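As a plain string of letters, each chain reads:
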Amino acid sequence: MATVAVRTPGRVTRWTIVNVIVVVYALTPVLWILSLSFKTKDTLTDGSFIPKSWTLQNYADIFQTTDFLRALLNSIGIALIATLIAVVLGTMAAYAIARLEFPGKKALVGISLLIAMFPQVSLVSPLFNMERGLGIFDTWPGLILPYITFALPLSIYTLSAFFREIPWELEKAAKMDGATPAQAFRKVIAPLAAPGVFTTAILVFIFCWNDFLFAISLTSTNAARTVPAALQYFTGASYFDDPTGTTSAAAVVITIPIILFVLFFQRRIVAGLTSGAVKG
Amino acid sequence: MAEIVLDKVTKRYPDGALAVSEVDFQIADGEFIILVGPSGCGKSTTLNMIAGLEDISEGELRIDGQRVNEKAPKDRDIAMVFQSYALYPHMSVRENMAFPLRLAKVDDATVRAKVEEAARTLDLTQHLDRKPGNLSGGQRQRVAMGRAIVRSPKAFLMDEPLSNLDAKLRVQMRTSLSKLQKQLGTTTVYVTHDQTEAMTLGDRVVVLRNGLVQQIGSPQFLYEHPANLFVAGFIGSPSMNFLPATLAEGQVNSPLGQFALTDRVRRLVEAADAPREVILGIRPEHFEDAHLLDEAAKAGGGTFTAHVDVLESMGSDKYAYFTVEGDQATSQELEELAADSGSADVPASGSQVVTRLSAASEAAEGSSLEIWFDADKIQLFDPANGKNLTYTE
């Protein structure tokens, strides 16, 4: 066990300074965007960190264009569906990989790793042609499918690590206590794997939400264009307006679901949930 | 409450390795039976086959006269306590203990009553609402026991349930476990590698080695009449002394000196058609400080003088260790036992002999001592196959 660090004033100060540096480094660009989104058109380029005159006009503008609302809807729908499918499939695959010996297990793990390493940009053109042939270009399934493909290796890897942490004896104990294999999974293994499932869900959701490459290449209209791609086509209220303010506002808006998603699931990611299962 | 019968039960892994070979014994209703042996002897595999967690390759397992080979663990109605306790960490103590009853669809009032009764028996009432993570090792062990006893199963299976506790608690839990089993009267199969637990807990002990049953019997019987070298060396602490010896015309020539076989031993040896070269086994308590005995008491044995290497005074007894010259007794069984206890790597010239002397002995470390031994208590083994040549039922 690690020894508990002594809280000397010097140590506290050092850590506080380090933490402040990290937080400032990470948050400055975000705050800058936030600041831009509240600035009026005239003060946009004044270089002041805190807006001199505040306005909510940018936010009002983006919600008045149907483009943005439609893109937001696409983003939420596509990311949620892809996350759900990838996590469910990933859970089952990871459980099998962690618990069972079956022929081709190594090959399966190897192939999923290969997919994760494959440069996505080189797949864009073939995917474009395939999706046009299949008639799913510029539709939700057209984006959900590649997202699942690239999210699955990620979710299988994180989840199988979590499953390996769960003592196998718990499953045996459940069987001895009279549980069917399905009951053992549902009542004992699944609750213990929940932190892993939520962690994976967050990672997969962020991956789908932030994707730009597929979103820009495999869509052509508002039918399936997600927010990262839609931002590219932002023009402001008219074609001649500088879109910086509205783009910033949209960027702020699309970070909100991610923050909510993380906050909502974070409470469920309780570290050390398995402590006390075995041994003393 | 059940009778369990293992009828030539065999476990063979797909790679051909034989883990358990034709294990054949009956466990009477309410009996406390111990499976003991060094690690890798197949005792846990046997237990898992009774539980249904591992398939039986050949043979038949019957519970209450019914073949259960193909039944899932949940349909065999037996409870198991694991070495790691395997408590469900996301459930409170109460939920852990109620889990088997909930799965059996018992109604809430009964569940409550049964859990509370079990908690009272195991002194867990004040911990019912805590999570396993906040309990001490001994408390966790008791929760694991509680989860087994709540549903009054046909039998308990225990896989080294005390080996994760510290020494003092282990002794304490051992007695309460024994009391609990007597009180409930439930058939119990208990796996351990600790011969002390085997001796103190069991009605009968099954000694396993390399998947083969070596001997089955009451602890006292195994101690006094081991069937072979392995059982003789495994049961008893400190373990039996083994020395090379030769037999000739009713005389034994050993590092302890030359002495005559007693009538009882000679009859057994003749009946067993013993070879010339044998291994002589003698337990530490069959030695005594010769100065403490009168001539009449010494008549049935031999005496020899030895140099005491180490003397351990336990208060009630004294253990004197000395080395006798000559070769060590060698056999495959003894090598295995040495490997299991980790003493195989200790370099030794000559054989070490441990003797238990009475506390009144004036033996001192580094000085010579005249030691008497009881010639009627010696056991002779065949070095080729380890068989006890002086074995009697």
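Everything numeric in this text was worked out from a predicted model, so none of it was measured.

Participant: Looking at this model, I keep getting lost on the interface of chain A and chain B. Mind explaining?
Facilitator: Interfaces are often sized by the amount of accessible area the parts lose when they come together. Contacts between the two partners involve 23 residues from chain A and, on the opposite side, 26 residues from chain B. Mapped onto the side of chain A that touches chain B, the elements with two or more residues apiece are α7 (168-176) and α8 (181-210) of chain A. When residues of the side of chain A that touches chain B are assigned to their parent elements, the largest contribution, six residues, is made by α7 of chain A. Of the residues in the side of chain A that touches chain B, the class split is 11 nonpolar, seven polar and five charged.

Participant: Whenever I open this one, the pairing of strand β3 (residues 32-36) of chain B confuses me. Can you help?
Facilitator: Within a regular beta strand, the side chains point alternately toward one face of the sheet and then the other, so they alternate between its two faces. Residues and elements named next belong to chain B. A large share of β3 lies buried, amounting to five of its five residues. Neither face of β3 is left uncovered, since the one carrying F32, I34 and V36 and the one carrying I33 and L35 both have all their residues buried. Strand direction decides the pairing type here: β3 and strand β8 (residues 187-192), joined by five bridges, are parallel. Within β8, the residue paired with L35 across the bridge is V191. Both β3 and strand β9 (residues 204-209) contribute to a ladder of four bridges, which runs parallel.

Participant: Where do I start with the sheet that holds strand β7 (residues 155-159) of chain B in this structure?
Facilitator: Across a sheet, strands are paired by hydrogen bonds formed along the backbone, either parallel or antiparallel in direction. All names here are of chain B. Read across the open sheet, the six strands follow the order β6-β7-β8-β3-β9-β10; overall the sheet is mixed. Edge positions in the open sheet fall to β6 (78-81) and β10 (212-217), since each of these has one partner strand only. Neighbour-to-neighbour, the strand axes of this sheet turn through a mean angle of 15 degrees, independent of strand direction.

Participant: Can you walk me through the pairing of strand β14 (residues 277-282) of chain B in this structure?
Facilitator: All names here are of chain B. With five of six residues buried, β14 is to be regarded as a mostly interior element. Strand direction decides the pairing type here: strand β11 (residues 241-248) and β14, joined by six bridges, are antiparallel. Across the sheet, residue P244 finds its bridge partner in β14, namely I279. Note that β14 and strand β20 (residues 379-381) share three bridges and pair antiparallel. Directly across from L280, in β20, lies its bridge partner L380.

Participant: So what exactly am I meant to see when it comes to the sheet that holds strand β15 (residues 287-289) of chain B here?
Facilitator: Residue and element names in this part refer to chain B. Spatially, β15-β19-β16-β17-β18 is the arrangement adopted by the five strands of the open sheet, whose pairing is antiparallel. A strand with exactly one partner marks an edge of an open sheet, and here the two such strands are β15 and β18 (351-358). Across the sheet, the mean angle from the axis of one strand to that of its neighbour is 50 degrees, orientation sign disregarded. Sheet topology places strand β17 (residues 317-324) next to β18; eight bridges connect them, and they run antiparallel. Within β18, the position partnered with Y321 by the bridge is V354.

Participant: Quick question: what am I supposed to make of unusual backbone geometry here?
Facilitator: Glycine aside, negative phi is the norm for most residues, and most peptide bonds take the trans geometry. All names here are of chain B. Between S237 and the following residue, P238, the backbone shows a cis peptide bond with an omega angle of -5 degrees. With respect to the helices and strands, P238 occurs in the loop between α8 (229-234) and β11. In this structure, E160 takes a positive phi of about 45 degrees despite not being glycine. Looking at where E160 falls in the secondary structure, it is placed in the loop between β7 and α5 (167-184). Given 19 C-beta atoms within 10 Å, E160 falls into the partly exposed group.

Participant: Please clarify how the packing of helix α2 (residues 93-103) of chain B against helix α3 (residues 108-121) of chain B should be interpreted in this entry.
Facilitator: The angle between the axes and the distance between the axes are what describe a pair of packed helices. Residue and element names in this part refer to chain B. Where α2 contacts α3, the two axes come as close as 10 Å, and the packing angle between them is 130 degrees. When the axes of α2 and α3 are compared, the pair comes out oblique. With respect to the hand of their crossing, α2 and α3 are arranged in right-handed fashion. The residues of α3 that touch α2, namely those facing R94, M97, A98, L101 and R102, are V111, K114, V115 and A118. Among the residues making up the contact of α2 with α3, the classes are represented as six nonpolar, no polar and three charged.

How each quantity is defined
Note that residues are indexed from 1 along each chain, following the sequence as it is written. Going through the entries in the order they are written, you letter the chains from A and number the ligands from 1. Only residues with pLDDT of at least 70 get local features here, since the model is predicted, and only at 80 or more are side-chain atom pairs given and counted; chain-wide, interface and lining totals rely on the full set of residues. C-beta atoms are placed from the backbone for every residue, and two residues are taken to be in contact when these atoms lie within 7 Å. The helix and strand labels rest on DSSP assignments: H or I over at least four residues marks a helix, E over at least two residues marks a strand, and numbering proceeds from the N terminus. Put simply, Ala, Val, Leu, Ile, Met, Phe, Trp, Tyr, Cys and Pro go in the nonpolar bin, Asp, Glu, Lys and Arg in the charged bin, and everything else, Gly too, in the polar bin. Partly exposed residues are those whose C-beta has more than 12 but fewer than 20 other C-beta atoms within 10 Å; with 20 or more the residue is buried, with 12 or fewer it is exposed, and the C-beta atoms are placed from the backbone. A pair of strands counts as paired when DSSP detects no fewer than two bridges linking them. For helices, the fitted axis covers only the stretch in contact; all axes are lines through C-alpha atoms, and the angles between them, taken along N-to-C directions, range from 0 to 180 degrees. In what follows, roughly perpendicular refers to angles from 65 to 115 degrees, roughly parallel to angles under 35, roughly antiparallel to angles over 145, and oblique to any angle outside these ranges. Definitions for this section: a left-handed crossing has its near helix turned counterclockwise from the far helix by less than a right angle. A right-handed crossing has that turn clockwise.

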